[in-house]
Amino acid sequence: MRLDVVSIFPGYLAPLDLSLIGKARRDGLLDLHVHDLRDFTTDRHRTVDDSPFGGGAGMVMKPEPWAAALDHVVQDGTTDDAPVPHLLVPGPGGVPFTQAMAHALAAEPWLAFACGRYEGLDERVYDHAAERMPLTVVSLGDYVLNGGEVAVLAMVEAVGRLLPGVVGNAESLVEESHEGGLLEYPVYTRPASWDDSGTVREVPPVLLSGDHAAIAAWRHEQRVARTAARRPDLAAASATVAGLDDLDVR
Ligand code: 6GU
């Protein structure tokens, strides 16, 4: 998979050299290109922003550098297989980024990310881009970040780890939070009995029982209880806890 990121802070993407995503790049599974938006300015001060027409707080990102940067990305990466990237623009006003979206994006050959700062991109950048490539504005959640870079780190990790060969143990992808609509069950390792400075903390005995059916049942109960407590919006768990499990409502 090819990935392009355009940002005024290319150094923000340095963590993508690390850990599993860094390894995936060195293994040739991820072909990541980070571009500095200021390289696509034409003035002496490398200006990327200006004040908003109509007034209001903050600054708006100018359209010309963005158009030049996105055109360059398309020119640089186009192949017969992937003539244009799917452009993702992170922003709190976007559609929610979910595990389902991560799976869909992991099936695409080429993604590009446009990291806005300040009050956002001049709206005509979206018009320019949408005439050339599929475009989705995506949000990580209902809170505001200063720019798209941190969101791109999260999305690249969420998508990249779904590519074949990136996560060693394919089984670890299956039972995770949000796969199957339930959060993960709690996990324990040795010691079975831990003296935490005078407080003895035990591992739940069922996990030491060797009874695989009982362990699976306990883990499922834990997932349901945890999901109901922390994420009552996830319907499967709330329905089960409310006793609606037996009714044919899903
Ligand atoms: Cl994806 N970007 C920005 N800039 N802020 C956000 C966000 C994304 N998701 C939530 N807040």
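Residues numbered from 1 in each chain as written. Predicted model: local features only at pLDDT ≥ 70, side-chain atom pairs only at ≥ 80, totals over all residues. Heavy atoms only, no water.

Q: Mind showing me how you'd approach the layout of surface pockets here?
A: It is a probe the size of a water molecule, rolled over the atoms, that shows where empty space is left. Taken as a whole, the largest pocket spans an internal volume of roughly 400 Å³. Put simply, the parts of the chain that give the lining of the largest pocket at least two residues each are β5 (86-96) and β7 (135-139). Take the lining of the largest pocket: its biggest share by element is six residues, from β5. Split by residue class, the lining of the largest pocket holds 13 nonpolar, 10 polar and three charged. (1 Å grid on protein atoms, 1.4 Å probe; cavity = no way out; pocket = protein on both sides within 12 Å on 5 of 7 lines; lining within 4 Å. Points joined across faces, edges and corners; volume = space filled by probe spheres on them. Helix = DSSP H or I, 4+ residues; strand = E, 2+ residues; numbered from the N terminus. Nonpolar A, V, L, I, M, F, W, Y, C, P; charged D, E, K, R; others polar.)

Q: Looking at this structure, how should I read the site of the ligand?
A: Around the ligand, the structure places 13 residues, and the nearest of them are Val138, Leu140, Gly141, Tyr143 and Leu145. In the model, a nitrogen atom of the ligand is placed 3.3 Å from a nitrogen or oxygen of the Gly91 main chain. Of the pockets mapped on this structure, the ligand occupies the largest pocket. If you list the elements that add at least two residues to the shell around the ligand, you get β5 and β7. A per-class count over the shell around the ligand returns eight nonpolar, five polar and no charged. (Near = heavy atom within 4 Å. Polar contact = N/O pair within 3.5 Å; in protein donor to acceptor, adjacent residues only side chain to side chain. Sits in = over half its atoms within 2 Å of the grid points.)

Q: How should I be thinking about the nonpolar core in this particular structure?
A: One broad trend across soluble globular proteins is that nonpolar side chains are buried collectively. Within the largest apolar cluster, 31 residues are counted, with the highest numbers of intra-cluster contacts made by Leu3, Phe97, Leu111, Phe113 and Val159. No other element matches helix α5 (residues 149-160), which puts seven residues into this core. With 22 residues, the next largest nonpolar core counts Leu37, Phe40, Ala69 and Val73 among its residues. (Core = buried A, V, L, I, M, F, W, Y, C linked by side-chain atoms within 4.5 Å. Buried < 20%, exposed > 50% of the residue type's maximum accessible area, 1.4 Å probe, protein only.)

Q: Would you mind showing me how to read the pairing of strand β1 (residues 2-7) here?
A: Looking down a regular strand, the side chains alternate between one sheet face and the other. Most of β1 is tucked away: six of the six residues are buried. Sheet analysis places β1 next to strand β2 (residues 31-36), joined by six bridges and oriented parallel. Among the inter-strand pairings, Val6 is bridged to a residue of β2, identified as His35. Regarding topology, helix α1 (residues 19-26) serves as the crossover connection from β1 to the parallel β2, and that connection is right-handed. (Pairing = 2+ DSSP bridges. Right-handed = clockwise from strand over helix to strand, strands pointing away.)

Q: Honestly, the confidence of the model for the protein in this entry has me stumped. Any pointers?
A: Keep in mind that low pLDDT regions are not for reading the predicted coordinates in detail. In the predicted model, the protein carries a mean pLDDT of 93, and 93% of its residues have values of at least 70. Below a pLDDT of 50 lies the segment residues 246-250, which in the model reaches five contacts outside its immediate sequence neighbourhood of four places, other chains included. Quick note on the complex model: pTM equals 0.92, ipTM equals 0.93. (pLDDT = per-residue confidence, 0-100. Contact = heavy atoms within 4.5 Å.)

Q: What am I meant to see in helix α2 (residues 63-77) here?
A: Each α-helix winds once per 3.6 residues, and so residues spaced three or four apart point in a common direction. Its 15 residues give α2 an end-to-end C-alpha distance of 21 Å, which sits within 8% of 21 Å, the value for a rise of 1.5 Å per residue. Buried residues of α2: Pro65, Trp66, Ala67, Ala69, Leu70, Val73, Val74 and Gly77, and no others. Looking at the buried positions of α2, the neighbouring elements they touch are β1, β2, β4 (60-61), β5, β6 (110-114) and α4 (124-130). (Expected span 1.5 Å × (residues − 1).)

Q: So what exactly am I meant to see when it comes to the environment of Ala151 here?
A: Here Ala151 is to be found in helix α5. For Ala151 and Cys115, which are 36 residues apart along the polypeptide, the C-alpha to C-alpha distance reads 8.7 Å. Ala151 has contacts with Pro90, Leu140 and Leu145, leaving out every residue within four places of it along the chain.

Q: Looking at this model, I keep getting lost on α1. Mind explaining?
A: Among all positions of α1, only Ile21, Gly22 and Ala24 are buried. On an axial view of α1, the arc spanned by its buried residues comes to 160°, and they lie on one face. Exposed residues lying more than 90 degrees from the buried face of α1 are Ser19 and Arg26. Along its buried surface, α1 packs onto α5. Gly28 sits one or two positions beyond α1 and adopts a positive phi of about 80°. (Arc of directions from axis to C-beta.)

Q: How do you make sense of the pattern of salt bridges when you look at a structure like this?
A: Close approach of charged atoms allows side chains with opposite charge to pair. Within the structure shown, the criterion is met by 13 salt bridges. In this structure, Asp71 and Arg132 form a salt bridge, with 3.6 Å as the shortest nitrogen-oxygen distance. Of this pair, Asp71 sits in helix α2 while Arg132 sits in the loop between α4 and β7, and the two are 61 residues apart along the sequence. On the accessibility criterion, Arg132 (38% relative accessible area) is partly exposed. (Salt bridge = Lys/Arg side-chain N within 4 Å of Asp/Glu carboxyl O.)

Q: How should unusual backbone geometry be read in this particular structure?
A: Leave glycine aside and you will find that most residues have negative phi; peptide bonds, for their part, are mostly trans. With omega at 5°, the peptide bond leading from Arg190 into Pro191 counts as cis. Here Pro191 is to be found in the loop between α5 and β8 (193-196). The backbone of Ser19 shows a phi angle near 55°, a positive value even though the residue is not glycine. Positionally, Ser19 belongs in helix α1. Classification of Ser19 as exposed rests on a relative accessible area of 61%.

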